[in-house]
Amino acid sequence: MLSSAAVSEIADRLEAARAAAKPITKVTDDYPDMDVADAYAVQRELLGRWQAVGRRLSGYKAGLTSKAKMAQMGVSVPSFAFLTNDMARPDRGVVEMDGLIHPRVEAEIAFVTRDALRGPGCTVEAVITATDFVVPAIEILDSRYEAFKFDLVSVIADNASSAGYVTGGRPRRVADLDLRTLGVTLERNGEMVGMAASAAVLGNPAASVAMLVDFLATCDEELPAGSFVMTGGVTEAIAVEAGDCVTAQVQELGSVSIRFV
Ligand code: OOG
Ligand code: MG
């Protein structure tokens, strides 16, 4: 297990990379013995620092939950991370490239829970029962690592590349939907750059929430009522440049857009 000094040093590096928008080598190059638990300790350290300066925990994300994402990133194990209020961007708003290293966007389905969920053994049915509504979302990723290349441990330490998120569309009750068969598209400047069915995420994006709940249980935590959860990119993430307009559309849920300047 990493010492708390090492955890703090890694958090320093990641924060410096983020602040300067300059990528760093992946942390496992310097800490080859670091494991997944150490990486989550770095995440906690980052969250603690962010909360200390007034950022608030606004949700959770699961990532690397679709085959498309796993293949794209070369990591085949889902990961979890925190979202904070300052990462939220308004639908149809703008995101400045300044301050970002090499941003990518991905189309996701996000859940908002009504009831608390506690693992272990959380099921898709339990998630569906506890869910208030689902909405379409775009996640903005920005790996703090050179060339957007990492391994599982490094990406977890980097809070799973999180940089921002946008929700929009029409909130829908899950009882009215088949969460497995929703068509999802991602467009950049009007060109279709990704498409899949929602089942691409672990067979059902609710399974991604269940996995998060079971992960939180290993930390002796529950997923509180009213939580916002991003379930993971349905298709590959797409690199963006200044001037790009990106729209994610989810069947039955409407669309969400963001423009980069
Ligand atoms: C890691 C974060 C993965 C997703 O939805 O798959 C993720 C990355 O791909 O940079 O957020
Ligand atoms: Mg994501």
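Residues numbered from 1 in each chain as written. Chains lettered and ligands numbered in written order. Predicted model: local features only at pLDDT ≥ 70, side-chain atom pairs only at ≥ 80, totals over all residues. Heavy atoms only, no water.

Draft legend 1. Representation of the overall build of the protein in the model. Within the protein one finds seven helices and 13 strands. Relative to the globule expectation of 18 Å for 261 residues, the C-alpha radius of gyration of the protein, 17 Å, shows essentially globular dimensions. Of the contacts formed within the protein by residues at least 6 apart in sequence, a portion of 76% connects residues at least 24 apart. Taking the 24 positively charged and 35 negatively charged side chains of the protein as two groups, their mean positions are separated by 4 Å. (Helix = DSSP H or I, 4+ residues; strand = E, 2+ residues; numbered from the N terminus. Rg over C-alpha atoms; globule rule 2.2 N^0.38 Å. Contact = heavy atoms within 4.5 Å. Lys, Arg positive; Asp, Glu negative; His and termini not counted. Charge placed at Lys NZ, Arg CZ, Asp CG, Glu CD.)

Draft legend 2. Local environment of the site of ligand 1. Taken together, 17 residues are adjacent to ligand 1, and Leu 64, Lys 69, Glu 106, Ser 161 and Gly 233 come closest. In this structure, Glu 139 approaches ligand 1 through a side-chain N or O atom, which is 3.0 Å from an oxygen atom. About the coverage of ligand 1: the protein hides 100% of its 320 Å² of free accessible area. Among the elements of the structure, strand 1 (57-63), helix 4 (67-73), strand 5 (104-113) and strand 6 (131-141) are those that each provide at least two residues to the shell around ligand 1. Broken down by element, the shell around ligand 1 gets its largest block of residues, three residues, from strand 1. Taken together, the residues of the shell around ligand 1 sort by class into eight nonpolar, four polar and five charged. (Near = heavy atom within 4 Å. Polar contact = N/O pair within 3.5 Å; in protein donor to acceptor, adjacent residues only side chain to side chain. Areas by Shrake-Rupley, 256 points an atom, 1.4 Å probe, with all protein chains shown as cover. Nonpolar A, V, L, I, M, F, W, Y, C, P; charged D, E, K, R; others polar.)

Draft legend 3. Here's a closer look at the pairing of strand 1. With five of seven residues buried, strand 1 lies mostly within the body of the structure. By the bridge criterion, two bridges tie strand 1 to strand 10 (residues 228-230) in an arrangement that is parallel. Within strand 10, the residue paired with Lys 61 across the bridge is Met 230. (Buried < 20%, exposed > 50% of the residue type's maximum accessible area, 1.4 Å probe, protein only. Pairing = 2+ DSSP bridges.)

Draft legend 4. Representation of the environment of Ala 137 within the structure. You can see Ala 137 is positioned in strand 6. C-alpha of Ala 137 to C-alpha of Ala 248: the two residues are 111 residues apart in sequence and 7.0 Å apart in space. When neighbours within four sequence positions are excluded, Ala 137 is seen to be in contact with Glu 106, Ala 107, Glu 108, Ala 110, Val 166, Thr 167, Met 230, Ala 248 and Val 256.

Draft legend 5. Quick look at the pattern of salt bridges. In the structure shown here, the tally under the stated rule is 18 salt bridges. Here Glu 106 and Lys 69 are joined by a salt bridge, their closest N and O atoms 2.8 Å apart. Separated by 37 residues along the polypeptide, Glu 106 in strand 5 and Lys 69 in helix 4 bring together distant segments of the chain. In this structure Glu 106 comes out as buried when scored by relative accessible area, which is 3%. A relative accessible area of 5% means that Lys 69 is categorised as buried. Where Arg 172 meets Glu 252, a salt bridge forms, and the shortest distance between an N and an O atom there is 3.2 Å. Pair noted here: Arg 172 is in the loop between strand 7 (162-167) and strand 8 (183-188) and Glu 252 is in the loop between strand 12 (245-250) and strand 13 (254-260), with a separation of 80 residues, a long-range link. On the accessibility criterion, Arg 172 (21% relative accessible area) is partly exposed. Beyond isolated ion pairs, a larger network of salt bridges with shared partners links Glu 9, Arg 13 and Asp 30. (Salt bridge = Lys/Arg side-chain N within 4 Å of Asp/Glu carboxyl O.)

Draft legend 6. Highlighting the nonpolar core. Counting residues in hydrophobic clusters, the biggest one holds 85 residues, and the most contacted among them are Met 34, Val 42, Leu 223 and Phe 260. The element contributing the most residues to this core is helix 7 (residues 205-218), with seven residues. When sequence neighbours within four positions are dropped, the list of residues in contact with Val 42 reads Val 7, Ile 10, Ala 11, Leu 14, Met 34 and Ala 157. (Core = buried A, V, L, I, M, F, W, Y, C linked by side-chain atoms within 4.5 Å.)

Draft legend 7. Region of the structure containing the coordination of the magnesium ion (ligand 2). Bound to the magnesium ion (ligand 2) are the protein donor atoms Glu 106 (OE), Glu 108 (OE) and Glu 139 (OE), situated 1.9 to 2.0 Å from the metal. Here the donor residues for the magnesium ion (ligand 2) map to a single chain with the spacing E-x1-E-x30-E. Taken together, the residues span a long stretch of sequence, with Glu 106 in strand 5 and Glu 139 in strand 6 at a distance of 33 residues. (Donors = N, O, S within 2.8 Å, 3.2 Å for Na, K, Ca; no water.)

Draft legend 8. The arrangement of the packing of helix 1 (residues 4-20) against helix 3 (residues 36-52) in detail. Two numbers describe how helix 1 lies on helix 3: the axes approach to 9 Å, and their chain directions differ by 60°. With respect to their mutual orientation, helix 1 and helix 3 come out oblique. When the axes of helix 1 and helix 3 are compared, the crossing they make is right-handed. Within the contact between the two elements, helix 1 uses Val 7, Ser 8, Ile 10, Ala 11, Asp 12, Leu 14, Glu 15 and Arg 18 and helix 3 uses Ala 41, Val 42, Glu 45, Leu 46, Arg 49 and Trp 50. (Axes fitted to C-alpha atoms, helices over the stretch in contact; angles between N-to-C directions. Parallel < 35°, antiparallel > 145°, perpendicular 65-115°, else oblique. Left-handed = near helix turned anticlockwise from the far one by under 90°.)

Draft legend 9. Examining helix 1 more closely. Between its terminal C-alpha atoms helix 1 stretches 24 Å, which fits the 24 Å expected from 17 residues at 1.5 Å a residue. Residues Ala 6, Val 7, Ile 10, Ala 11, Leu 14, Glu 15 and Ala 17 constitute the buried set of helix 1. If you follow the buried residues of helix 1, they end up packed against helix 2 (27-30), helix 3 and helix 6 (152-157). Two residues or fewer after helix 1 comes Ala 21, characterised by a positive phi angle close to 55°. (Expected span 1.5 Å × (residues − 1).)

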